[in-house]
Amino acid sequence: MKNQLRTLILLPLFISCLCIQAQVPKLSSYPSASAVIFLDFDGHTVDGTMWNWNGPVYCAASGFDNTQITTVYNRVAEDFRPFDVNITTDSAQFLAAPLKRRIRAIITASYEWTGIQAGGIAAMGSFTWGDDTPCFVFSSLLKFNTKNIAEASSHEAGHTLGLSHQAVYTPDCEKVTDYYGGQGSGQIGWAPIMGAGYYQNTTQWYNGTNPYGCANYQNDLDMIASKLPYRKDDHANTFTAATLAVFSNNQFIITGVVERSTDQDMIKFAVPATGHFHLEANPFSVGAGNSGSNLDMQVTLYNQTRADSAVYNPGTLLNSVIDTNLVAGTYYLKVEGKGNIFASNYASLGQFKLQAKLTAGVPLPLRVLKLNGRSSGNNHQLNWTIDADEQIIKLQVEMSADGTNFSAVTQTAADARSLLYKPTTAPSVQYRLNVTFDNGKQYYSNIIVLLNSETVAKPQLVSNMINNHTVAITSPGNFNYMVYDMSGKTIRKGQFTNGYNTINMAGVANGMYMIRYSAAGEHWTDKMILQ
């Protein structure tokens, strides 16, 4: 039996309709794919489907201009980037696809025929029915907001591929909501696509509980891949088969896709002479602040021996920057998706762009400039190594809350190699060194991220070695918690109260797990082992 599934409206009604009639741009994300998700913006008449209980359905256009259409298309294309499917606005691409390998998503201002007010509706599993039953996204009810409509489009397309909602339950298995709204803030604020992704920057597929019981987990990626296989890997994951990037006018650009959480894309490049190397590593986005990005990038730089490496992954940003000096030789870059304090690397997938610039002939006054650090009580202990022939005339420790805008913490003596600093910002601080030598050259160290977790009391595991499948925690107040395995699958969720708390892990396999606490916009993570 074909079951209709309707999604509920999560945004208030927008009464007026912006009616813009224009030729829709023909956009395709992966034209070689046989499967197609067609985003239909210019109006359509639906007939002969399960939706036609009262005759033909006349759908008006979306009310979007070409710029808005392109933004929605780009967001949806990025959600499905890892898979062998073409997201398109071209009806010819849709009509050429096999009947059981296509779906039409109609973005329309017309919703009155449904008798309900919902952001969108879809028939569960209809992607493979073969009768061109479409799904719908109602632009007028979503305030003609491009992000909201893109989120709803991917969400409804997910239903046609068989996905249910991602729900939230209490530890006692009482359902809190059918729509998990995610957690966090800023660039890495996260929510599941099959939950309510309207209010977070980063939305991804998820492995969590569905609405049909707290023991029912839905692995979004596996379910999508059963209908739409993953794309072929575009860059090998070994040094020997690494993609060669060639400098042209001292620059190179490499693009790629992280298709799976285990994917590691290796890039090889040669530096002909000592110089300054600057790399911008950016996930695909539709605007400032990495908006619309699904990939939280980590980049590792290896030298020609393939042994020494430096890892670049600003904790609160989705992009990474390398700014260093290299001697002549062969180097490697490893690009992969990583998790952060709000989300695991389960679905940190998507397209990226590496843009490198080499300034050749720059004198190299130092061999090593490396910053290390750790949290120590309420303080951050910073230590650094500088191995240079030139004399240091200025040594400055700088900090940033966003990984982009740095300001001076202090200027230290030229021979200083450590600093104990008490941060005032939360929940994390990024540090770097700014060093100037007597030959006039200025250099920055690597960036490190230290959590400011000790400035506020947080829950504490009584022991991280769990022998009886009962986790004991002391908490200084009310904190939300989530336990997840190393693949990112959520095992338990709930809330601690002040005092002694326990989590029943009966039925959970032995092994290593992570527990994350959150309160007042701050987050902490501990490891524990079930024995």
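Right, let's walk through the structure included here. Predicted model, so just to flag it, every value in this text is computed and none were measured. (Residues numbered from 1 in each chain as written. Predicted model: local features only at pLDDT ≥ 70, side-chain atom pairs only at ≥ 80, totals over all residues. Heavy atoms only, no water.)

Looking now at the overall build of the chain. If you tally the helices and strands in the chain, you get four helices and 39 strands. Relative to the 2.2 N^0.38 estimate, which gives 24 Å for 531 residues, the radius of gyration of the chain is 25 Å and therefore close to what a compact globule would have. Nonlocal contacts in the chain, meaning residues at least 24 apart in sequence, comprise 69% of its contacts between residues at least 6 apart. Only carbon and sulfur atoms are counted for the fraction: they give 48% of the accessible area of the chain, which is about 21,900 Å². Distance between charge centres in the chain, computed from 36 positive and 39 negative side chains, equals 2 Å. (Helix = DSSP H or I, 4+ residues; strand = E, 2+ residues; numbered from the N terminus. Rg over C-alpha atoms; globule rule 2.2 N^0.38 Å. Contact = heavy atoms within 4.5 Å. Areas by Shrake-Rupley, 256 points an atom, 1.4 Å probe, with all protein chains shown as cover. Lys, Arg positive; Asp, Glu negative; His and termini not counted. Charge placed at Lys NZ, Arg CZ, Asp CG, Glu CD.)

Before going further, it helps to spend a moment on the nonpolar core. By size, the foremost hydrophobic cluster in this structure holds 68 residues, and its most contacted members are F80, W205, F269, F277, L333 and L354. If one sorts the elements of this core by residue count, helix α1 (residues 66-79) sits on top with five residues. Beyond its immediate sequence surroundings of up to four residues, F80 is in contact with I37, V85, I87, S154, A157, L161 and W205. Core analysis: the next-biggest nonpolar cluster, separate from the first, contains 19 residues, V397, M399, L433 and I448 among them. (Core = buried A, V, L, I, M, F, W, Y, C linked by side-chain atoms within 4.5 Å. Buried < 20%, exposed > 50% of the residue type's maximum accessible area, 1.4 Å probe, protein only.)

As a further point, take the packing of aromatic side chains. Summed over the entire model, instances satisfying the criterion amount to 25 aromatic pairs. Ring plane angle 80 degrees and centroid distance 6.2 Å describe the contact between W51 and W113, whose orientation is recorded as edge-to-face. Within this pair, whereas W51 is found in the loop between β3 (44-46) and β4 (57-59), its partner W113 is found in the loop between β6 (102-108) and β7 (120-123), the two being separated by 62 residues in sequence. W51 sits in the buried class, given a relative accessible area of 1%. Between W113 and F138, the aromatic rings sit 6.4 Å apart at their centres with planes inclined by 75 degrees, giving edge-to-face as the arrangement. Taken together, the positions of W113 in the loop between β6 and β7 and F138 in strand β8 (residues 135-138) put the pair 25 residues apart, joining distant regions of the chain. Three or more aromatic residues joined by ring pairs form one cluster here, namely W51, W53, W113, F136 and F138. When the ring centre of F284 is taken as origin, the NZ or CZ atom of R81, which lies over that ring, is 4.9 Å away. Between R432 and the ring centre of F406, over which it is positioned, the NZ or CZ distance is 4.0 Å. (Phe/Tyr/Trp six-rings, centres within 6.5 Å; stacked < 30°, edge-to-face > 60°. Lys NZ or Arg CZ within 6 Å of the ring centre and 35° of its normal.)

The next point concerns the sheet that holds strand β34 (residues 470-475). Taken in spatial order, the three strands of this open sheet run β32-β34-β37, and their pairing is antiparallel. Of all the strands in the sheet, just β32 (460-461) and β37 (499-504) have a single pairing partner and so form its edges. (Pairing = 2+ DSSP bridges.)

With that out of the way, let us pick up the side chain of T202. Locating T202 in the fold gives a position in strand β12 (residues 202-204). Look at T202 and you get buried, because its relative accessible area is 4%. Residues contacting T202, with those up to four places away along its chain left out, are Q187, I188, G189, W190, A191, S293 and L318.

Turning our eyes to something else, we now look at the pattern of salt bridges. On inspection of all chains with the given rule, the structure shows eight salt bridges. A salt bridge links R102 to D132; its shortest N-O distance comes to 2.7 Å. Here R102, found in strand β6, pairs with D132, found in the loop between β7 and β8; they are 30 residues apart in sequence, far enough to count as distant. Judged by relative accessible area, D132 falls into the partly exposed class, the value being 32%. Of the charged contacts, one joins K338 and E336 as a salt bridge, the two residues approaching to 4.0 Å between their closest N and O atoms. (Salt bridge = Lys/Arg side-chain N within 4 Å of Asp/Glu carboxyl O.)

One open sheet holds the five strands; their spatial order is β15-β17-β22-β19-β20, and the pairing between them is mixed. Of all strands in the sheet, those with a lone pairing partner are β15 (243-244) and β20 (309-312), marking the two edges. Relative to β20, strand β19 (residues 297-302) runs antiparallel, the two sharing four bridges. Note that in β20 the partner of Y302 across the bridge is S309.

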